[in-house]
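So the chains spell out like this:
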Amino acid sequence: MDIFSNNGRLQWVEAFIKGIPYAQASGMYVTEIGEGRAGLGLPARDTWTGDTERGLIHPGVLSVLADTACGVAVGTALAEIEPFATLDLRMDYLRPAVANQEIVCRAECHRLSRSVAFVRGELFQPGRAEPVAMVNATFMRATANKRRAGGEATPAPNQPVSPAQAAASLGSPASIEPSQVFRSEPADLPETLAIPPGRSPYVDFLDVRQQPQIDAGPVFRMPFKPELIGNPILPALHGGVLAGLGETGMILHLLATNPSLQGAPRGVDFAIAYLRSAKPVDTFVQGTTVRQGNRVALVQVNIWQDDPQRPVAQARGHCLMPRDTD
């Protein structure tokens, strides 16, 4: 049975967005909807700025919007409401996104198998014909048994869908064993702000703190706040917020381990794998430099809550290192 006859698809999407606290707090809005495709916009805000010196949006802001839009595209591809969860997300940053301009992500679910949904999309800014970033994501669908057992009842065709019913589509990632994690030793120093206030309003928004370590780069802590919730049913943090924290940790790691840098590194690409649901508690991230040259650095990050040996996500990405001419 297809619940998306007439205006049912748009109604479900609007309810879905209303049911996500982060989407509501950030002002996300629907730009277009179709079967297996979705467009979401994010209004211009100074809060989204990642680099005030160069006037650029933080890449994590793009990741949150892309993750949400991809999830909506999956929902519009389904014949019936069922749980699904992000398995992984990859971002490619094609050109800098200018601060204080809105962003739109157009996503398409191009393959819907029995177990996995595959989504791709592009992110644009007004007045620019070329995309600023591309996204590829995979989502795990509910198993056949879970679909038959059901959770919240599927609404009858053309019946209103509440935000709670729409949010029930959000599942939790299956628990996956992570790759080996390095455990560092904390230094006997107080926790501080990760960077001076005002340098990166998005980092200020996440309220990221820095905990020095003796034998490795710093551990960064993101305190919990309700507007970071992506799944109000579990509840769990928004997967895009975890991506944004991972990208923040990657850049802050390079700044901390390269104190002579003149300016902030800029993301080239970023890929994150979700290992388990992130609870509504403080979240930590730590980076490891895999390889660093004169122009490009590859960083791996571990994201956890209770135990660094049980991360909620792991990610890696390339960054362009700043030069005097950048």
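No experiment lies behind these values; they were computed from the predicted model shown.

The next subject is the overall build of the protein chain. Each helix and strand counted, the protein chain has seven helices and 17 strands in total. Across the 326 residues of the protein chain, 53% fall into the buried class. Taking the contacts inside the protein chain whose residues are at least 6 apart along the sequence as the reference set, 69% of them involve residues at least 24 apart. Put simply, the protein chain shows about 14100 Å² of open surface, and 50% of that area lies on carbon and sulfur atoms.

Before going further, it helps to examine the pattern of salt bridges. Any two side chains of opposite charge can pair, given that their charged atoms come close. Under the defined criterion, the tally for this structure stands at 11 salt bridges. Note that R120 and E108 form a salt bridge whose closest N and O atoms lie 3.6 Å from each other. Here R120, found in strand β7 (residues 116-124), pairs with E108, found in strand β6 (residues 103-112); they are 12 residues apart in sequence, far enough to count as distant. Classification of E108 as partly exposed rests on a relative accessible area of 38%. Here the salt bridges share partners, and the residues they tie into one network are E32, R37 and R106.

This part takes up the confidence of the model for the protein chain. Low pLDDT marks regions whose predicted coordinates should not be analysed in detail. On average, residues of the protein chain score 88 in pLDDT, and 84% of them reach the 70 mark or higher. The model gives residues 150-157 a pLDDT under 50, and that stretch makes 16 contacts with residues more than four places away or in other chains.

Considered as a void within the structure, the largest pocket measures approximately 430 Å³ in volume. Contributing to the lining of the largest pocket are 30 residues, with I57, P59, I251, P265 and R266 lying nearest its centre. Contributions of two or more residues to the lining of the largest pocket are made by β3 (49-51), β4 (56-57), α3 (59-77), α7 (239-257) and β14 (266-274). With four residues, α7 is the largest single contributor of residues to the lining of the largest pocket. Classifying every residue of the lining of the largest pocket by side-chain character gives 18 nonpolar, six polar and six charged.

We now examine the side chain of R221. With respect to the helices and strands, the residue R221 is situated in strand β11 (residues 219-222). Here the side chain of R221 touches E191 through a polar contact of 2.7 Å, side chain to side chain. A polar contact is formed between the side chain of R221 and the side chain of D282, at a distance of 2.8 Å. In contact with R221, other than residues within four places in its own chain, are E191, D207, V208, R209, Q211, D282, T283 and F284.

Tallied over the entire structure, the rule returns zero disulfides. Sulfur of C70: no disulfide; nearest cysteine sulfur belongs to C105 and is 5.5 Å away.

Of all hydrophobic cores here, the largest spans 79 residues; its most connected members are Y22, L62, M91, L123 and I272. Of all the elements, α3 adds the most residues to this core, at 11 residues. Excluding its chain neighbours within four sequence positions, the residues that come into contact with M91 are L62, S63, A66, L123, A133, M134, V135, V268, D269 and F270.

Time to look at the side chain of Q314. Here Q314 lies in strand β17 (residues 313-320). Here the side chain of Q314 touches N302 through a polar contact of 3.3 Å, side chain to side chain.

Moving on, we get to the packing of aromatic side chains. Applying the stated criterion to the full structure yields six aromatic pairs. Aromatic rings pair up to connect W48, Y202 and F205 into one cluster. A cation over a ring is seen here: K225 above F205, with NZ or CZ 4.0 Å from the ring centre.

Conventions used here
Residues numbered from 1 in each chain as written. Predicted model: local features only at pLDDT ≥ 70, side-chain atom pairs only at ≥ 80, totals over all residues. Heavy atoms only, no water. Helix = DSSP H or I, 4+ residues; strand = E, 2+ residues; numbered from the N terminus. Buried < 20%, exposed > 50% of the residue type's maximum accessible area, 1.4 Å probe, protein only. Contact = heavy atoms within 4.5 Å. Areas by Shrake-Rupley, 256 points an atom, 1.4 Å probe, with all protein chains shown as cover. Salt bridge = Lys/Arg side-chain N within 4 Å of Asp/Glu carboxyl O. pLDDT = per-residue confidence, 0-100. 1 Å grid on protein atoms, 1.4 Å probe; cavity = no way out; pocket = protein on both sides within 12 Å on 5 of 7 lines; lining within 4 Å. Points joined across faces, edges and corners; volume = space filled by probe spheres on them. Nonpolar A, V, L, I, M, F, W, Y, C, P; charged D, E, K, R; others polar. Polar contact = N/O pair within 3.5 Å; in protein donor to acceptor, adjacent residues only side chain to side chain. Disulfide = S-S within 2.5 Å. Core = buried A, V, L, I, M, F, W, Y, C linked by side-chain atoms within 4.5 Å. Phe/Tyr/Trp six-rings, centres within 6.5 Å; stacked < 30°, edge-to-face > 60°. Lys NZ or Arg CZ within 6 Å of the ring centre and 35° of its normal.

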